[in-house]
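Examination of the molecular architecture
For reference, the chains in residue letters:
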Amino acid sequence: MGMDFSTLRTLISRYCVGEENWVDSRTIYIGHKEPPPGTEAFIQQRFPDNRIVSSKYTFWNFIPKNMFEQFRRVANFYFLIIFLVQLIIDTPTSPVTSGLPLFFVITVTAIKQGYEDWLRHKADNAVNQCSVHVVHHGKVVRKQSRKLRVGDVVLVKEDETFPCDLILLSSSRDDGTCFVTTASLDGESSHKTYYAVQETKAYNTEKEVDTIHATIECEQPQPDLYKFVGRINIYMTNEPVARPLGSENLLLRGATLKNTEYIYAVVIYTGMETKMALNYQSKSQKRSAVEKSMNAYLVVYLCILISKALINTALKYVWQSDPNKDEPFYNQKTEVERQRHVLIRAFTDFLAFMVLFNYIIPVSMYVTVEMQKFLGSYFIMWDDEMFDEELGERAVVNTSDLNEELGQVEYVFTDKTGTLTENNMEFIECCVDGHVYVPHAICNGQVMPGAAGMDMIDSSPGPAAREHEELFFRALCLCHTVQVKEEDTVDGIKHGIHQGKSTSFYISSSPDEVALVEGMKRLGFTYLRLKDGQMEILNREDEVEKFELLEVLTFDSVRRRMSVIVKASTGEVYLFCKGADSSIFPRVISGKVDQVRARVEQNAVEGLRTLCVAYRSLSPEQYEEVFQLLNRAKLALQDRDKQLAEAYDLIEKDLILLGATAVEDRLQEKAADTIESLHKAGIKVWVLTGDKMETAAATCYASKLFHRNTQILELTTKRTEEQSLHDVLFELSRTVLRQNGGMTRDTFSELSGDCTDYGLIIDGATLSAVMRPGQEGSNSGNYKEKFLEICRNCSAVLCCRMAPLQKAQIVKLIKASEEHPITLAIGDGANDVSMILEAHVGIGIMGKEGRQAVRNSDYAIPKFKHLKKMLLVHGHYYYIRISELVQYFFYKNVCFIFPQFLYQFFCGFSQQPLYDTAYLTLYNISFTSLPILLYSLIEQHINMDILKKDPCLYRDIAKNSLLRWPTFIYWTVLGVYDAIVMFFGAYFLFDNTTFTSNGQMFGNWTFGTLVFTVLVFTVTFKLALDTHYWTWINHFVIWGSLIFFVVFSLLWGGIIWPFLNYQRMYYVFMQMLSSGPAWLSIILLITASLLPDVVKKVIWRTLWPTTTERIQNADKLYKGQLSEFTPLASLHAPSKGSSHRRGSENQRNPRRSEPFTKKVMFTRWQKAPDYCTFTPLLRFADSSRHSRQGYNYSGAGPETSV
């Protein structure tokens, strides 16, 4: 057989049965060379080619696939059914009336999606067809990128981008390293170092590379950019050599080669299997609250439509029960009609009525909403106030589906480092054995109580301490992954750096590490470079010290520490370890732990980021043991990470504590102001961070999340060790509820700093315990509920020591709570992606921790301060605009179709249309579509500056208040009223048989045209009355659409169109306009339709104005200059003050429907005239006593002093 049975059995078990160790691995033959005989069976696996496909459609499947996607939308499918019904049965209206709007909607959407996909195809082709250098039989040949195969060896030159995922074989640098930037993958612009395997790094030409005989075994492709497990088997003359491969050997597609002339590498993942492509996965679709309301309204209108059709069908058969009415002499039935079953006839009639009334469901609303969202998103991107000059970046909109959701946010979950703070680290001090060192410092108040005293560099505390101190400085110079970028080496590195004319600078993926190395440089120890495995340091005596780098135990977020093993020139081997205090102190066996711990805690309270440094000497035997342990773990293909973690745990123990460092991460500009504004807007802000409690708490005080009088409640591991979790939760719950239940807090100055605020601090370990499903019955089952109850009654919550997944769990917990609040998550790093994807709205910050957050977010902003305008201005406007758009669409369609329903009572339920086909078709497409689209793009009901200065206005629109059922019912009733006025107004005016000047009588088409004319003018004027912000564009579109209607009607009825098989509209419009009574009736009916709405608005604004309306009135008084003159707080409706920022009271969001409370409030505060009248506005220079009272009671917004 040529192959023995044992080999066959191995293969079957490996590839078919799925033997545990092999199910997730692949074998790659470098240069497609077979392994030497006897080593292993040669099986060439099939891998995809290197084509990248980001497009959705092909030329052949575009139409069917796109149609399928579009008709999955309920409204589109519904209109398709109606259209088909019109084609199949004899219906009163032409199929064109449904078909044309549907065709228009489908075509516009298909063109948009087709164009977007064509752009994707174009981008794919550009990538797939670029040329790549491949080593083939010892020569370099050019190949198209898409033709690359797994196992090919490629040559990549400096500044070229990697065409697929590669394993580095050798580079132009002697040490086999290369520098890479991964900015397009994770946004980190720093240079990362990658390594070639020791055995292959010497092969530097294409001929040499072609002689490499090796196979690579590695895991199957998976999307984690930072994880890779594999091994390379190199076949030398004797036994094959196995070497581990990790993420430090893997060059990812999309990354760029820097500072390295060229490299040779082997292809291991291609095309859609590269890590970059696997990260393309689409995010789950998020739907806004407005969209949910729209769908609910559609269902209501569908029910109305069906009931209308049922009523009319039933009444038709009641009407026809009289034979004279059923079959009059002038309209005899045919034999076929007489023989049809009554049920079939009834069903056909029901369908005909459905077709007649189907316009009540507005198909064009979907298109208008899509266009409004798409075009509206450009206002965020064009906003110059959200442009950051330092970064040169603008706000980015990744999805426009959630614009209005920005106006509904109730909870903001924010990361700390890089989001609230700048992630720009500055070395402040270090503490060695209790002695504090501050670089370049003279005793300037840096010496804190508890420190033994300020030791300057030259005054050594003693020989033993001096030795420890230098060991600490060396540890920080060696224990890192910093690279030195050399700019100019004219005078030699040593001289240049030490003279302070730095000819090089440090780059690292962690800003903390750079700060520490630079801090050491200022204290006299300079890290020079890593060359040929030797780390070089310049000490205080200007001597270069060399240490051989033996191992790096990389940092990970679980261990929270990193270590290096180095060999000094004297031959001693040291393990230097640095990490978080919580991960270092338990592993320390000696050193001045108490002094260092006291200093660390003190620094943490001041908001500094602290790290502890420890070391351990290793004997040659111990090092050999460590080396074997690490090598075994590194070569494992299965569970490598787990084995490495266990190995690190065994190695990093019995440490001697050296000292600690403190680094400052400054607050971002205006972060505190933004958080304060969000609080005033009724939004709860939670900080979720991986930092330690003290540091995070200090940042929270600095950013005004906690105030000086905030009572801090702790739910931390320390506390749950003393008491059981159950007791702590119930005690906190009692504290919060006793305060909030027993007495109402000072409602008007809740934010002015005079009240008891609660702030909760919880850590990751306690959160895990709270989230754990109850095991011993009912006792622990309600931990989540208790926790939520405490959180709801706290003004701010800080969660520290959080793992990325826990951040998402917290967001999910709040999302699923009984109020179902709208949540927003904002962060800048890869560790924030899970919460950004979980929240209703995810915002990424273009920070220093890469671009993953930005790539996965719905919106991206340069700085945290831009969140204020994003929510309080853009979010507010978007919500106001789209809610008016939705309500207005339903209103104008009720006005349109209800007269049609009433008309059936006067035409024997014969399905006679009231309006002409052209009017039916164009009403939603042309006559009334542009004004509302424009309104929904540029309306500003309140000046932008006022919205920024007075965040409390955001509460007016909270909880989807403009799309609640009462508002919806009001608009629907208004539509029905207008329809009745139009129909019966025209009917009674026609009742006395109106004549034209030449004695002709008006007919049914003139009647319909009269109703339609009144309808178009009424709904357009209604929108004009609702518009607050007038520009020339509004005037052009509103009056232009009315002129278009008139011109169209004149043309439609003024010409005999040859393609029409009827001429019923010929001269109808002109004839109607030539009649005086018709003009009078049009003016009277428009006035009668609009009057109730205007009267209701005037009365409501006068008696029960909302805060928004008070400010609108005052702004008119000051001709748009309100924000310059007025203490805005004095305009707040009294009831607003009484709406609590926390607890259930906030959920009620008192509005006009509570006149009684308002009355009480007016009587209670009558001494402060600010609340009742505008007197202080008109006499603002008057007694300052009044306005001061007003300020105290409102406590609501930033006031401008006059």
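Everything here concerns the structure above.
Because the structure is a prediction, the values reported are computed rather than measured.

A few words on the overall build of the protein. When helices and strands are tallied, the protein shows 45 helices and 34 strands. In the protein, buried positions account for 53% of the 1202 residues. Summarising the internal contacts of the protein: among those between residues at least 6 apart in sequence, 73% fall at separations of at least 24. Total accessible area on the protein is roughly 52700 Å²; 58% of this is exposed by carbon and sulfur atoms.

Attention now goes to the side chain of D512. By secondary structure assignment, the location of D512 is in helix α15 (residues 511–522). One polar contact links D512 to R609, side chain to side chain, over a distance of 3.1 Å.

Ranked by size, the top nonpolar core spans 97 residues in total, and within it V886, F896, Y915, Y919, F1012 and L1015 carry the most contacts. The element that contributes the greatest number of residues to this core is helix α30 (residues 866–903), accounting for 17 residues. Once residues within four sequence positions are removed from consideration, V886 is found in contact with V290, M294, Y297, M365 and L963. Within the second largest apolar cluster, 40 residues are counted, among which are V409, L798, I843 and I845.

Of all five residues in strand β6 (residues 177–181), five are buried, a share of seventy percent or more. Both faces of β6 are covered, namely the face carrying T177, F179 and T181 and the face carrying C178 and V180. Here β6 runs beside strand β7 (residues 192–195); their pairing, made up of four bridges, is antiparallel. Among the inter-strand pairings, F179 is bridged to a residue of β7, identified as T193. The sheet contact formed by β6 and strand β12 (residues 256–258) spans three bridges and is antiparallel. The residue of β12 that forms the bridge with F179 is K258.

Among the surface-exposed residues, D224, D639, D641 and E646 lie close enough to one another that they form a single negatively charged patch. Summarising the element assignment, D639 is placed in the loop between α18 (620–635) and α19 (640–651).

On to α18. Taking 1.5 Å of rise per residue, the 16 residues of α18 would be expected to cover 22 Å, and the 22 Å separating its terminal C-alpha atoms lies within 8% of that figure. Regarding α18, the residues found buried are Y623, V626, L630 and A633. Down the axis of α18, the smallest arc covering the buried residues is 95°, so these residues share one side. Those residues of α18 that are exposed and angled more than 90 degrees off the buried face are P620, E621, E625 and R632. Check the buried side of α18 and you find it contacts β22 (544–556), β23 (561–568), β24 (573–579), β26 (609–618) and α19.

Attention now moves to the pattern of salt bridges. Under the criterion given, the structure shown has 45 salt bridges. Measuring nitrogen to oxygen at the nearest pair gives 3.2 Å for the salt bridge that ties D415 to K807. Taken together, the positions of D415 in the loop between β15 (411–414) and β16 (421–432) and K807 in helix α27 (residues 804–815) put the pair 392 residues apart, joining distant regions of the chain. An identical accessibility class is assigned to D415 and K807; each is buried. R474 is the salt-bridge partner of E470, the closest N and O atoms lying 3.5 Å from each other. With E470 and R474 both in helix α13 (residues 463–478) and four residues apart, this pair spans about one turn of that helix. A residue is classified by how much of its surface remains accessible, and R474, at 16% relative accessible area, is buried. One salt-bridge network, in which partners are shared between bridges, spans R466, E469, E470, R474, R540 and E545.

In the Ramachandran plot, H32 falls in the positive-phi region, its phi being about 60° despite a non-glycine side chain. The phi dihedral of D542 falls on the positive side, at around 60°, and the residue is not glycine. Locating D542 in the fold gives a position in the loop between β21 (534–538) and β22. According to the relative accessible area criterion, D542 is partly exposed, its value standing at 30%.

Read across the open sheet, the three strands follow the order β7-β6-β12; overall the sheet is antiparallel. Of all the strands in the sheet, the pair left with one neighbour each is β7 and β12. Each strand of the sheet is rotated relative to its neighbour by a mean of 45°, with strand direction disregarded.

On to the packing of aromatic side chains. Under the definition given, this model contains 67 aromatic pairs. Judged by centre distance (3.9 Å) and plane angle (5°), the ring pair of Y297 and F968 falls under stacked. Of this pair, Y297 sits in helix α8 (residues 289–319) while F968 sits in helix α34 (residues 965–991), and the two are 671 residues apart along the sequence. Assessed through its relative accessible area of 1%, Y297 is described here as buried. Of the residues examined, F968 reaches a relative accessible area of 4% and is grouped as buried. Considering the side-chain rings of F984 and Y987, the 6.4 Å spacing of their centres and the 90° angle between planes classify their relative orientation as edge-to-face. Residue F984 and its partner Y987 are both found in helix α34; the two are separated by three residues, about one turn of the helix.

Okay, the sheet that holds strand β33 (residues 841–845) next. Judged by pairing direction, the sheet is mixed, and its nine strands sit side by side in the order β14-β34-β33-β32-β15-β28-β31-β30-β29 without closing on themselves. Two strands close off the open sheet at either side, each with one partner strand: β14 (396–397) and β29 (710–715). The pairing of β29 with strand β30 (residues 757–763) spans six bridges and is parallel. Bridging from a neighbouring strand, I712 pairs with G759 of β30. Sheet strands touched by helix α26 (residues 783–792): β15, β28 (684–688), β29, β30 and β31 (796–800). Its angle to β30, the strand with the most contacts, is close to 140°.

Along β23, seven of the eight residues are buried, which leaves the element largely enclosed by surrounding structure. With seven bridges joining them, β22 and β23 adopt antiparallel strand pairing. When the sheet's bridge partners are listed, D556 is paired in β23 with R561. Here β23 runs beside β24; their pairing, made up of seven bridges, is antiparallel. Each bridged residue has a counterpart across the sheet, and for R561 the counterpart in β24 is G579.

Our focus in this paragraph is the side chain of S377. Among the secondary structure elements, S377 is positioned in helix α12 (residues 363–382). Take S377: its relative accessible area is 4%, and that puts it in the buried class. Not counting residues within four places of it along the chain, the set of residues in contact with S377 comprises V397, S400, N403 and Y878.

Calculation criteria
- Residues numbered from 1 in each chain as written.
- Predicted model: local features only at pLDDT ≥ 70, side-chain atom pairs only at ≥ 80, totals over all residues.
- Heavy atoms only, no water.
- Helix = DSSP H or I, 4+ residues; strand = E, 2+ residues; numbered from the N terminus.
- Buried < 20%, exposed > 50% of the residue type's maximum accessible area, 1.4 Å probe, protein only.
- Contact = heavy atoms within 4.5 Å.
- Areas by Shrake-Rupley, 256 points an atom, 1.4 Å probe, with all protein chains shown as cover.
- Polar contact = N/O pair within 3.5 Å; in protein donor to acceptor, adjacent residues only side chain to side chain.
- Core = buried A, V, L, I, M, F, W, Y, C linked by side-chain atoms within 4.5 Å.
- Pairing = 2+ DSSP bridges.
- Patch = residues over 30% accessible without salt bridge, like charges linked within 9 Å, V, L, I, M, F, W, Y side chains within 5 Å.
- Salt bridge = Lys/Arg side-chain N within 4 Å of Asp/Glu carboxyl O.
- Lys, Arg positive; Asp, Glu negative; His and termini not counted.
- Charge placed at Lys NZ, Arg CZ, Asp CG, Glu CD.
- Expected span 1.5 Å × (residues − 1).
- Arc of directions from axis to C-beta.
- Axes fitted to C-alpha atoms, helices over the stretch in contact; angles between N-to-C directions.
- Phe/Tyr/Trp six-rings, centres within 6.5 Å; stacked < 30°, edge-to-face > 60°.

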